[in-house]
Amino acid sequence: MKAIALYFPQFHTIPENDKWWGNGFTDWTNVKGGYPLFEGHQQPRVPLEGYYDLTDKQVIARQVDLAKQYGIGGFAIYHYWFDGKQLLEKPKEIILNNKDLDIPFCLTWANESWARRWEGKDSELLMEQTYEPTKEKWKEHFDYVKAYLTDERAIKIDGKPVFQIYRPHLVIKVGEMLAYWRELAREEGIGELYFMAIKSFDFPDNSILD
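Bear in mind that the values here come from a model prediction, so they are computed numbers and not experimental data.

**Q** Would you take a moment to explain the overall build of the protein chain for this structure?
**A** Assigned secondary structure in the protein chain consists of six helices and nine strands. Its C-alpha atoms give the protein chain a radius of gyration of 18 Å, within 12% of the compact-globule value 17 Å for 210 residues. Along the first, second and third principal axes, the C-alpha set of the protein chain runs to 55 × 40 × 30 Å. The burial tally for the protein chain puts 43% of its 210 residues in the buried class.

**Q** Before we go on, may I ask you to explain the packing of helix α5 (residues 135-150) against helix α6 (residues 174-187) in this structure?
**A** Packed helix pairs are specified by the crossing angle of their axes together with the interaxial distance, meaning the distance between the axes. Contact geometry of α5 with α6 gives a least axis separation of 10 Å together with a crossing angle of 55 degrees. With respect to α6, the axis of α5 lies oblique. The handedness of the crossing between α5 and α6 comes out as right-handed. Contacts from Lys 135, Trp 138, Lys 139, His 141, Phe 142 and Val 145 in α5 reach Glu 176, Met 177, Tyr 180, Trp 181, Leu 184 and Ala 185 in α6. Each residue belonging to the contact of α5 with α6 can be placed in one class, and the counts come to eight nonpolar, one polar and three charged.

**Q** Would you mind going over the nonpolar core with me for this structure?
**A** Soluble, globular proteins show a tendency: their nonpolar side chains are buried together. Counting residues in hydrophobic clusters, the biggest one holds 40 residues, and the most contacted among them are Ile 60, Trp 109, Phe 142, Phe 163, Met 177, Trp 181 and Leu 193. Listing elements by their share of this core, those giving two or more residues are α3 (57-69), β2 (72-82), α4 (90-97), β4 (105-109), α5, β8 (160-165) and α6. The leading source of residues in this core is α6, at seven residues. Other than its neighbours up to four places away in sequence, Phe 142 contacts Leu 149, Trp 181, Leu 184, Ala 185, Glu 188, Ile 190 and Leu 193. Of all hydrophobic cores here, the second largest spans twelve residues; its members include Tyr 80, Phe 82, Trp 114 and Met 127.

Parameters at a glance
Residues numbered from 1 in each chain as written. Predicted model: local features only at pLDDT ≥ 70, side-chain atom pairs only at ≥ 80, totals over all residues. Heavy atoms only, no water. Helix = DSSP H or I, 4+ residues; strand = E, 2+ residues; numbered from the N terminus. Rg over C-alpha atoms; globule rule 2.2 N^0.38 Å. Buried < 20%, exposed > 50% of the residue type's maximum accessible area, 1.4 Å probe, protein only. Axes fitted to C-alpha atoms, helices over the stretch in contact; angles between N-to-C directions. Parallel < 35°, antiparallel > 145°, perpendicular 65-115°, else oblique. Left-handed = near helix turned anticlockwise from the far one by under 90°. Contact = heavy atoms within 4.5 Å. Nonpolar A, V, L, I, M, F, W, Y, C, P; charged D, E, K, R; others polar. Core = buried A, V, L, I, M, F, W, Y, C linked by side-chain atoms within 4.5 Å.

Structural data, given as structure tokens:
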């Protein structure tokens, strides 16, 4: 058994977050805003090595070293894909493009719409998942993911590269999409794929992931 850490890329600025939340926003903004709620409550929590930026390769290299030192078997990197539009993609692309960051990884498609949930405004969408159910869109996504599936560091189960989906039941015609990805993987010489649901408890049919 291996411990795989979920890897969140929200610790760097992007134009979209600047627009939605204010210039310079990252998840550190929320961390810095913490305050004590009771005696002995340690807030805000300040990272030992400072508020890092995940577009800095050396920061990621330090995280890789720490993960390996403490027995982490790999990173499941959050992947934000909205029918071809990506957000927060730089950290995972730095990992992909630098083989010296030698830790196993897979992608975890965080496939929810973005809304102002932090402000209690679930209905105010910032970036919507539309899940256009066409082979053209499915292939566009597969073609991007393919480089991560075929990398020598890709996490595999029974020889099959792993791809995780946070909430697969939200994907329109998810069974057809996964079957098409399997077909493409065989055509590309990748072989079989291993799909996993993160929130498996609210996914009604796990059999299509097998």
